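# Remarks on the overall topology
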Amino acid sequence: MFEVESIIVDHKDVIHDVVFDYYGRRMATCSSDQTVKIWDENEQGEWAVTSSWKAHSGSIWRVSWAHPEFGQVLATCSFDRTASVWEEVLGEKVGGTMTPARRWVKRTILVDSRTSVTDVEFAPKYLGLLLATASADGVIRIYEAPDIMNLSQWSVQHEITNKLPLSCLSWNTSMYMLSSQLLAAGSDETATATGKVFIFAYSENARKCVKVDTINDITDPVTDLAFAPNAGRSFHMLAVASKDLYIVNIRGTSDATGTSKLDIQTVKHTDHNCPVWRVCWNMFATMLISTGDDGCVRIWRMNYSKKWKCAAELKADGSGPSYEPTLNSPSLPSSAATTAKYYKKGIISNPNQVPWH
Amino acid sequence: MLDETVSLRICQDGHANALALNRDCNQIAVAGRSLLKLFAIDSDDGGFTEVCNMRSGKNQNLSYSSNDVAWSSLDNNILATAATNGVVSVWDLSKFGRQKQLLVYNDHQRTAHTVTFHSSEMNLLISGSQDGTIKCFDTRCDKAVNTFYSNSESVRDVKFSPHSPHTFSAVSENGTVQLWDLRRADKCILQFTAHSDPIYTCDWHPTNNWLATGSRDKQIKIWNMDGKASLDHTIHTIAVVGRVKWRPEKTYHIASCALVVDYSIHIWDIRRPFIPFASFNDHTNVTTGIVWKGTDTNCLISTSKDSTIYKHAFKDASRPALKANAQGASLGRKGDISFANKLKYFLPVTAAQVVKSNSNYNNNMITRQRSMTGTEQFHIGKSDMCRFLLNPSYTGYVDPEISVELKEHECFIGCAKELILSGKKLADICKHNASVCRKYGKHNATTLWNFVEIAYGSNELNKLKYEHRNSFSTQKNSQASRRPTQVVNTDVLKWDHNENNNVNGSDNDTELKSQDDDLMDHNGPGGKQFYPPYGSVILSESQILTEITFDNFDNLRNGFTYVGPPDISKALALPETTLHCDVQAARPQLDINADDRDKSPPPNMPVELKVTSIPPVPLWEPHQFITDALLLQNDVGDVQTALSVLIAMGENRKYLPINEALIEHWFQTYIDQLHRYQMWNEACRVINLSWLRSVRELNQKSTTVHTNCGDCGRPLGGSVGWYCQKCKSMRLAKCSICGLIVRGLYAWCQGCSHGGHLQHLMAYFANNSNCPKCGHLCEYN
């Protein structure tokens, strides 16, 4: 089903993040070796590094692409307690080649955190040029560039302090049935058995950002979480990587008095049998991948009974990527299956003597 | 309890600048601007107890304000301090009161930064100063016995080499490292530039001939001092390096603390220069002194500007590399996965294992998978990266549908391009779209289109009047009692035809045909085609019939095949009102259906069923069905089909109880997805077909065409068309080439505002590059 193709990277230390851009046409990797690399696909479909530069003076944990409407813009966050915003600029056309030199320029450096900045993510486009950072001391900061043409001016809009250290965050991708933009953050704290995923509501108009919920079902340290891309669903989905994989459905409801609430359902998937490091959705939010500590990538798909099932398990070392079918043909409750059987038998064996009820 | 982290607040004000440990490792000296104290490390509980305070009085003498403190490596009673005014003092702890300050050397002109004792000659000590000199003192003399001129403005640190007794290193603010022989003050043995910024600290490796230097350039460099100094490793820290200290017993470990910004102490493995092996984050201000407790590799003592001393137990250290996410993964536009995974290294295979594995190759992997412990493999931090590509030619699986369903992007792009949304009769649109969906393996979507065709494709149905139903319930009931429970779709639809026609009193072919059908139905075998298997009459094409199992058909929507017993409430309460109410409100009814369905007859059901009372017929509600089908289609992630159906239905969509906010949500999603695949034309088509104001407005945003008059250069903003208010002319509307007024496509140069017929300009610019009117160099391409 899948072909494994290994890519030669000359990152000198562990790679912590791999991110495709909005169109899936460029790829950014960041590593502990304090460099960021940008990959582009050539005509033959091969990926090659087109830019590489030392971006921080500590391990770079994560990288995030801004919506292409704002230009080719990246944000990185690092162990060196800073987050930076980078923009690609086209230089002079060099020599006889018609391709101008590309260069990534540091537009701003955000130095507000006193500890390692563990995650950074641009907000959905409709909120403007906005980014959120999470840091190891439990602070979420939301920065805004009021002028989208000026990437060097960022101001802290909100600073929310949590008791637990934070390891990851994710913006929701739509506001359907919600009164305000949601932002989820996870903690990798190991000592306490309290809820580790927090939901924040960011309201642009009220200029507020407050914690609205804690998912108490998830008490293991959380390493990654991701809201599914907007896919027209009537509910919102959040994938959480922890000791197991969790898929959280969040539905915005409003009661009789008109106050909106979140209806949260958490489903735990234990197929990994090892800690999960990363979760990532495809563009349609029909497929979720999760990566385990054992080096396996698992592919999850939703069937027609709206249940997520592990559909495939891939291993990088080529030791048999396996694939179990039954995706679109949903697994049914047994009663329904017997019903189906009953009708089939009756009809196929003797079509003219269909039992009448 | 010896291996616990312990801390003590040492004073109320005034921070510590340096820390020294005595030979027996049971006492520490802490020195600061207004501080010089001794603490004993308790042997039983591992805590600190204050032993001696050498600055109890209000003595403001600058000679007491220490930059550095050193303990004699031979005598537990001898201590030396380097003061900010350049004074180097030697203290004897066996004396009392003021007598303790044994010697005061006033030789340095400026601040003394550092002081250290010789490791074997107990009388010798050296100090480095801001005046650029290193002085050697003998405790038997009251003056410096030797002066070494470093040729730099400031010596920041001096350290005796443990490998050759008379050699010491000195680092200075101009970034050079010097190696001196204690006996030769005229010339240094070796000098090299180590950093481009001031060096603040250095430390000799206890066993290897390595020197570590820490600088303002945030780097720690490890120099191999055998012969000519060579750079072995460079560690990148996050802040200006204040002090470095090799960890005992662990060859590759070195501890560092920063001069500013970073309050933590990091322990690095020099072979992995990017991320600390361990960190102590306890101090709340800059750490100024670190020392390992003798040869105890797990105990680090530190002091800080926050006026505390800490004894750190290694097990309490945070391990940033272990917490760091070891993997990265991302999904590309073609369903490909990029995956970076931290490599796990395995022990080298021993000879015995090689023999074994050679004999049985398959065992190779298993025998090798004895991984090292986390600490052992820490220094090999590396990831490998790979891509999982969907293989189009894969034949390993019998079922080709799997590859189809994973090729989601191809379905999406294909459908986005090929689906017809408007401009034809609904029935034709549905037929075409159903075949498109089938081509891409979207069976549920195919079914949905077929269903829409049947439900809404014919004109009669569009005129359905639901309020007539009630009055005919008796008739319906009598008919229903003779029908199989699988009765669905077409049957009901036909039946609705009947109703309508009856009500309208029209006596047309449809009615006749329907009655014929009914007759055939009642007669059983003859009307075979009207109760085909599974009740899936909507599947007009036999091919689909074979492809769609009852199971997933059933799941297409709970209501698609209504097989449960009649639902009285639904039959009587006419859905007139629910038609327009919120989708959510309609949900509970669905659940009832679902429950009922599960109670369908067991396999060994008697063939005949006696009907004791006439059950009311279930009212089949196509609008609700299609609504639910669309919602389900969305909830499983296929907004494309749902929205396309909705658009194609045209005015019929008004019957569907879907609220506008949700539809807008769908539009936004689908447009966003099209944008992600850079299908601007398709996105534009969808926007134009939208009936929602907020969506249609998307096309009117963000593109503004500014027009200028070609004669006077003024903007044409306020005027109509190409009429310039200033020139009072319409000349601009004319083609620059032929002079006629342009109707249709008008091309113009944004530089000079001249233009004309697209065809004319294309022909003209094929041979010219200047504007035909004004000679402007138009960049036409």
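Residues numbered from 1 in each chain as written. Chains lettered and ligands numbered in written order. Predicted model: local features only at pLDDT ≥ 70, side-chain atom pairs only at ≥ 80, totals over all residues. Heavy atoms only, no water.

Put simply, the rule reads: UniProt positions are given in the numbering used here, feature names are shortened, and annotations may be inferred rather than shown by experiment.
Identification of chain B as GATOR2 complex protein WDR24 from Musca domestica is taken from an unreviewed UniProt entry. Listed in UniProt under the heading Sequence similarities (unreviewed entry), the comment for chain B reads: "Belongs to the WD repeat WDR24 family."

For chain A, an unreviewed UniProt entry supplies the name Nucleoporin SEH1 and the organism Musca domestica.

## Brief notes about the nonpolar core
In globular proteins that are soluble, nonpolar side chains generally tend to be buried together. Convention followed: Residues enter a nonpolar core if they are buried and are Ala, Val, Leu, Ile, Met, Phe, Trp, Tyr or Cys, with the set joined through side-chain atoms within 4.5 Å. Working definition: with a 1.4 Å probe on protein chains only, accessible area under 20% of the residue-type maximum means buried, over 50% means exposed, and in between means partly exposed. Under the scheme used here, helices are H or I runs from DSSP no shorter than 4 residues and strands are E runs no shorter than 2 residues, and both carry numbers assigned from the N terminus. Note on contacts: a residue pair qualifies if any of its non-hydrogen atoms lie within 4.5 Å across the two residues.
Counting 53 residues, the largest nonpolar core has W449, L630, W666, F667 and V686 of chain B as the members making the most contacts within it. Sorting the residues of this core by element identifies helix 5 (408–418), helix 6 (426–439), helix 7 (443–456), helix 16 (622–635), helix 17 (639–648), helix 18 (660–676) and helix 19 (680–689) of chain B as the ones contributing at least two each. Setting aside residues up to four positions removed in sequence, V686 of chain B forms contacts with L421, L643, I647, F667, Y670, I671 and L674 of chain B. Within the second largest apolar cluster, 38 residues are counted, among which are V120 and W154 of chain A together with I290 and W292 of chain B.

## Quick notes on the UniProt feature "repeat: WD" (unreviewed entry) in chain A
Residue and element names in this part refer to chain A. Cross-referencing UniProt, the feature "repeat: WD" (unreviewed entry) maps to residues 8–40 and 269–303 in the present numbering. Along residues 8–40 one finds 0% helix and 55% strand; the C-alpha atoms at either end are 14 Å apart. For residues 269–303, the helix share is 0%, the strand share is 57%, and the end-to-end C-alpha distance is 15 Å.

## Considering the sheet that holds strand 2 (residues 16–21) of chain B
For sheets, the rule is that strands pair by backbone hydrogen bonds, running either parallel or antiparallel. Residue and element names in this part refer to chain B. The cut-off we apply is this: In this scheme, strands are said to pair when DSSP sees at least two bridges between them. The axes are straight lines fitted to the C-alpha atoms, using for helices just the contacting stretch, and the angles between their N-to-C directions are given from 0 to 180°.
Reading across from one edge, 2-3-4-5 is the order of the four strands in this open sheet, with antiparallel pairing throughout. Every other strand in the sheet has two partners, leaving strand 2 and strand 5 (48–53) as the edge strands with one partner each. Ignoring which end each strand starts from, the neighbouring axes of this sheet average 25° apart. Bridge count for strand 2 against strand 3 (residues 27–32) is five bridges, and the pairing is antiparallel. Bridging across to strand 3, A16 finds its partner in G32.

## Digging into a nonpolar patch on the surface
All names here are of chain B. Stated formally: Like-charged residues are merged into a patch within 9 Å and nonpolar side chains (Val, Leu, Ile, Met, Phe, Trp, Tyr) within 5 Å, provided each residue has over 30% relative accessible area and no salt bridge. For the area figures, the Shrake-Rupley method with a 1.4 Å probe applies, and any residue is considered shielded solely by the protein chains shown. Throughout this description, the term salt bridge denotes a Lys or Arg side-chain nitrogen within 4 Å of a carboxyl oxygen of Asp or Glu.
A cluster of nonpolar side chains, L259, V260 and V261, forms an exposed patch at the surface whose accessible area comes to about 230 Å². Its place among the elements puts V260 in the loop between strand 23 (253–258) and strand 24 (265–269). Residue classification places V260 among the partly exposed positions, given a relative accessible area of 38%.

## Overview of the side chain of S127 of chain B
The test is simple: By the criterion applied in these results, polar contacts are pairs of N or O atoms within 3.5 Å in which, for protein atoms, one can donate a hydrogen and the other can accept it, and in which residues neighboring in sequence qualify only through two side-chain atoms.
When you line up the elements, S127 of chain B lands in strand 11 (residues 124–129). Within the local environment of S127 of chain B, its side chain forms a polar contact with the side chain of H108 of chain B, the two groups lying 2.6 Å apart.

## Details of the UniProt feature "repeat: WD" (unreviewed entry) in chain B
All names here are of chain B. Per the UniProt entry, the sites bearing "repeat: WD" (unreviewed entry) are residues 105–147, 148–183 and 192–233 in this numbering. Note that residues 105–147 is 0% helix and 53% strand, and that its end C-alpha atoms are spaced 13 Å apart. Helix makes up 0% of residues 148–183 and strand 56%, whereas the separation of the span's terminal C-alpha atoms amounts to 10 Å.

## Some thoughts on the pairing of strand 21 (residues 230–236) of chain B
Residues and elements named next belong to chain B. Judged from the six bridges that link them, strand 20 (residues 219–224) and strand 21 form a sheet pairing that is antiparallel. Bridge pairing in strand 21 places W223 opposite L231. If you look at the hairpin formed by strand 20 and strand 21, you'll find five residues sitting between the two strands, and G227 has a positive phi there, around 65°.

## Here we look at the side chain of N67 of chain B
All names here are of chain B. By secondary structure assignment, the location of N67 is in strand 6 (residues 66–71). Polar side-chain contacts of N67 include one of 3.0 Å to the backbone oxygen of A112. If we ignore the near neighbours within four places in the chain, the residues touching N67 are N17, A18, A82, A83, T84, T111, A112, H113 and R243.

## A short note on the sheet that holds strand 24 of chain B
Residue and element names in this part refer to chain B. One open sheet accounts for four strands, arranged 22-23-24-25; its pairing is antiparallel. The sheet is open, and its two borders are formed by strand 22 (241–246) and strand 25 (278–280), each paired with just one other strand. Pairs of neighbouring strands in the sheet enclose a mean axial angle of 20°, with direction left out of account. Sheet analysis places strand 24 next to strand 25, joined by three bridges and oriented antiparallel.

## As for the pattern of salt bridges
Residue and element names in this part refer to chain A. With the rule as written, the count across this model stands at 36 salt bridges over all chains. Where R278 meets D17, a salt bridge forms, and the shortest distance between an N and an O atom there is 3.8 Å. Of the two residues, R278 sits in strand 22 (residues 276–281) while D17 sits in strand 2 (residues 15–20), which places them 261 residues apart along the sequence. In this pair, the class of R278 matches that of D17, namely buried. One continuous salt-bridge network, built from bridges that share partners, spans D17, R62, D119, D224 and R278.

## Side note on the packing of aromatic side chains
The condition that has to hold: Planes of paired rings set the category: under 30 degrees apart is stacked, over 60 is edge-to-face and the rest tilted, where pairs are Phe, Tyr or Trp rings (Trp by its six-membered ring) whose centres lie within 6.5 Å. Definition used: whenever NZ (Lys) or CZ (Arg) falls within 6 Å of the ring centre and also within 35 degrees of the ring normal, the charge is taken to sit over that ring.
Taken as a whole and judged by the stated rule, the model has 26 aromatic pairs over all chains. Here Y23 of chain A and W680 of chain B contribute two aromatic rings whose centre-to-centre distance is 6.1 Å and whose plane-to-plane angle is 90°, an arrangement assigned as edge-to-face. Separated into two different chains, Y23 of chain A in the loop between strand 2 and strand 3 (26–31) and W680 of chain B in helix 19 make up a pair that spans both. Taken together, a centroid distance of 6.0 Å and an interplanar angle of 85° make the contact between F280 of chain B and F314 of chain B edge-to-face. Of this pair, F280 of chain B sits in strand 25 while F314 of chain B sits in the loop between strand 28 (308–313) and helix 1 (320–323), and the two are 34 residues apart along the sequence. Taking the relative accessible area as the measure of exposure, F314 of chain B reaches 10% and is therefore buried. Following the ring pairs from residue to residue traces out a cluster consisting of W53, W65, W86 and W104 of chain A. It is R247 of chain B that lies over the ring of F314 of chain B; its NZ or CZ is 3.8 Å from the centre.

## A short note on the environment of L758 of chain B
All names here are of chain B. Relative to the helices and strands, L758 is located in helix 21 (residues 758–767). Residue L758 is classed as partly exposed on the basis of its relative accessible area of 27%. Between the C-alpha atom of L758 and that of N325, which follows or precedes it by 433 residues, the distance is 57 Å. Residues in contact with L758, not counting those within four places in the same chain, are L745 and A747.

## Observations concerning helix 16 of chain B
Cut-off, in case you're wondering: To estimate how far a helix should extend, the number of its residues minus one is multiplied by 1.5 Å.
Between its terminal C-alpha atoms helix 16 of chain B stretches 20 Å, which fits the 20 Å expected from 14 residues at 1.5 Å a residue. G637 of chain B sits one or two positions beyond helix 16 of chain B and adopts a positive phi of about 100°.

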